[in-house]
Amino acid sequence: MRPRDLGESEVFRWREIQKASPSLDNPFLSVDFTLAMGRLRDYVRVAVIEDGGEIVGFFPYERHGFGIGKPLGGFLTTCHGLISVPELKIDPRDLLRACRLSAIDFDHLVAGQPTFAPYETDVRPAPLMDLSGGFDAYLEQVRAASAKNYKTVRYKERKLGREQGEIRFAWDSPDIGALRTLLDWKSDQYQRTGRVDRFAQPWIVRLVEEMHSHRSDDFAGVLTMVYAGDTPVAGHFGLRTAHTLVGWFPAYDPAFARYSPGIMHHLHMAEHAANAGLHQVDMGKGGREYKEWLKTGALMVAEARVARPSPVAAAQWLGRVPVNRLRTAVVDNPTLFRAADRLLKGYGRARSAIQSRSGSEQPSKTR
């Protein structure tokens, strides 16, 4: 069904199932996120799984042309899978048939779900900031693991305060202007580094703004910002459940890069998240160095592919699987990763230079 066709009892059951399983404690698996995606994208669907008349699971997904399936949110999200009672195991090909899908690929699947576990091709840790023992306990682990890095960050923070103005942190800011500043920074970062600018798509901007305005005990968007005086220097927008904040869009003003404002911001964010009663900050899998320094735990995330025999599934395999394997090989090799990163950044600089010389307008901002 379409998400809008879920009844109140089904929405209640979704929340009940999610709360009962710690492995599902991720806002991208929340019914609120699925409902928002359904309002913005026509291809979003939900499979409702019943056993003996009782709802035992939900499977949110996207159905694209020729029956090609994608996880909900695709490249935007960092957690996919079944929202189901523990140990639910069904034939995933039967699930695809019921959903009218030929194939579906996951790159951020909740690892170990019985239905998809036999199809997992790669399982790796996604770093998290473990706040279950409080911020002081978390900070002690960070300092013990890398005292030099910690001292450097705090030194730069004091220097920023002296040179640019008193440091101030805003937790769960309702300021839409601050959100748009953050999205502009992120958009510029995508372009500078040769990545696809997600905020060039108006529906993604609308999704973020809608999530920013959503407030409930179990699901909300959280905007955080670091200011030097009255000047914003770094920020982050993510989603939370009652216990988990998920990293989504971190960014900073490049004019302040010498102060390492991004890492500074994450430390303040962890402190305020712990004070707000959150147990962890999920930073998502990826090879960024700052994640390795800040992490004190990990969640297991899997890649998987399920397909029914068909020409469409075979063609889709040829178009995706070899590329995904190459990407994984690059990410796993530090030398190749650095070379690829330099190449993308060089492409971004060249593109900006060409646009500047031709006098063409830069891509529109998020307004």
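Residues numbered from 1 in each chain as written. Predicted model: local features only at pLDDT ≥ 70, side-chain atom pairs only at ≥ 80, totals over all residues. Heavy atoms only, no water.

1. Section: the overall build of the protein chain
A count of helical and extended segments in the protein chain gives eleven helices and twelve strands. Within the protein chain, buried positions represent 48% of all 367 residues. Contacts in the protein chain between residues far apart in sequence, at least 24 positions, make up 73% of those at least 6 positions apart. Roughly 17,700 Å² of accessible area belongs to the protein chain as shown, and the carbon and sulfur atoms make up 52% of that amount. (Helix = DSSP H or I, 4+ residues; strand = E, 2+ residues; numbered from the N terminus. Buried < 20%, exposed > 50% of the residue type's maximum accessible area, 1.4 Å probe, protein only. Contact = heavy atoms within 4.5 Å. Areas by Shrake-Rupley, 256 points an atom, 1.4 Å probe, with all protein chains shown as cover.)

2. Comments concerning the pattern of salt bridges
Where charged atoms from two side chains of opposite charge approach closely, those side chains can pair. Throughout the structure, instances matching the rule amount to 14 salt bridges. With a closest N to O distance of 2.9 Å, D32 and R15 form a salt bridge. Of this pair, D32 sits in helix α2 (residues 31-40) while R15 sits in helix α1 (residues 8-20); the two residues are 17 residues apart in sequence, bridging distant segments of the chain. On the accessibility criterion, D32 (8% relative accessible area) is buried. (Salt bridge = Lys/Arg side-chain N within 4 Å of Asp/Glu carboxyl O.)

3. Quick look at the confidence of the model for the protein chain
For the protein chain, the mean per-residue pLDDT works out to 89, and 84% of the residues sit at or above 70. Note that residues 360-367 has pLDDT below 50 and, in this model, 15 contacts with residues that lie over four places away or in other chains. (pLDDT = per-residue confidence, 0-100.)

4. Quick look at empty space enclosed by the protein
Taken as a whole, this structure holds one cavity of 30 Å³ or more when the rule is applied. Empty space within the largest cavity amounts to approximately 40 Å³. (1 Å grid on protein atoms, 1.4 Å probe; cavity = no way out; pocket = protein on both sides within 12 Å on 5 of 7 lines; lining within 4 Å. Points joined across faces, edges and corners; volume = space filled by probe spheres on them.)

5. Things to note about helix α5 (residues 147-164)
The terminal C-alpha atoms of α5 lie 26 Å apart, and with 18 residues this matches the ideal 26 Å at 1.5 Å per residue to within 8%. Listed as buried for α5 are Y150, V153, R154, E157 and L160. Taken down its axis, α5 places every buried residue within 115° of arc, on the same side. Exposed residues lying more than 90 degrees from the buried face of α5 are K148, K151 and R162. Note on α5: the residue one or two positions beyond its end, G165, has a positive phi of about 130°. (Expected span 1.5 Å × (residues − 1). Arc of directions from axis to C-beta.)

6. Section: the packing of aromatic side chains
The full count for this structure, using the stated rule, is 14 aromatic pairs. Cluster of aromatic residues (ring-pair linked, three or more members): F28, F33, Y190, F199, F237, W248 and F249. One Lys or Arg, R168, reaches over the ring of Y227 and ends 4.2 Å from the middle of that ring. (Phe/Tyr/Trp six-rings, centres within 6.5 Å; stacked < 30°, edge-to-face > 60°. Lys NZ or Arg CZ within 6 Å of the ring centre and 35° of its normal.)

7. Looking at the layout of surface pockets
Estimates place the volume of the second largest pocket at around 330 Å³. Lining the second largest pocket are 21 residues; nearest its centre among them are P22, S23, D25, Q280 and L299. Residue composition of the lining of the second largest pocket, by class: nine nonpolar, nine polar and three charged. (Nonpolar A, V, L, I, M, F, W, Y, C, P; charged D, E, K, R; others polar.)

8. Focus on the packing of α2 against helix α7 (residues 202-213)
One can describe the packing of α2 onto α7 by two numbers: an axis separation of 10 Å at closest approach and a directional angle of 145°. Every pair of crossing elements has a handedness; the one defined by α2 and α7 is right-handed. Mapping the contact onto sequence places F33, A36, M37, R39 and L40 in α2 and W203, R206, L207, E210 and M211 in α7. When its residues are assigned to classes, the contact of α2 with α7 shows seven nonpolar, no polar and three charged. (Axes fitted to C-alpha atoms, helices over the stretch in contact; angles between N-to-C directions. Left-handed = near helix turned anticlockwise from the far one by under 90°.)

9. Some thoughts on the packing of α5 against helix α8 (residues 261-275)
Look at α5 against α8: their axes get within 10 Å of each other, and the N-to-C directions meet at 100°. The angle between α5 and α8 places the two elements in the roughly perpendicular class. Residues Y150, V153, R154, E157 and L160 of α5 form the contact with α8, whose own contacting residues are I263, M264, L267 and H268. For the contact of α5 with α8, the per-class residue count stands at six nonpolar, one polar and two charged. (Parallel < 35°, antiparallel > 145°, perpendicular 65-115°, else oblique.)

10. With respect to unusual backbone geometry
Unusually for a residue other than glycine, E87 sits at a positive phi of about 70°. Inspection of the secondary structure assignment puts E87 in the loop between β4 (83-84) and α3 (92-98). Under the relative-accessibility criterion, E87 is labelled exposed at 66%. In this structure, S260 is a non-glycine residue whose phi angle is positive, near 50°. By secondary structure assignment, the location of S260 is in the loop between β10 (244-252) and α8.

11. Quick look at the pairing of strand β5 (residues 103-110)
Most of β5 sits inside the fold, with seven of its eight residues counted as buried. Strand direction decides the pairing type here: strand β3 (residues 68-71) and β5, joined by two bridges, are parallel. Opposite I68, over in β5, you have A103 as the bridge partner. Examined bridge by bridge, β5 and strand β12 (residues 297-307) share six bridges and lie antiparallel to one another. Counterpart to D105 in the pairing with β12 is R305. (Pairing = 2+ DSSP bridges.)

12. Topic: the nonpolar core
Ranked by size, the top nonpolar core spans 45 residues in total, and within it F33, F199, L207, M211, F237, L239 and W248 carry the most contacts. L160, A228, V233 and A274 belong to the second largest nonpolar core, which has 29 residues in total. (Core = buried A, V, L, I, M, F, W, Y, C linked by side-chain atoms within 4.5 Å.)

13. Observations concerning the environment of L267
Tracing the backbone through its elements, the reader meets L267 in helix α8. Each C-alpha atom of the pair L267 and V142 lies 10.0 Å from the other, and the pair is 125 residues apart in sequence.

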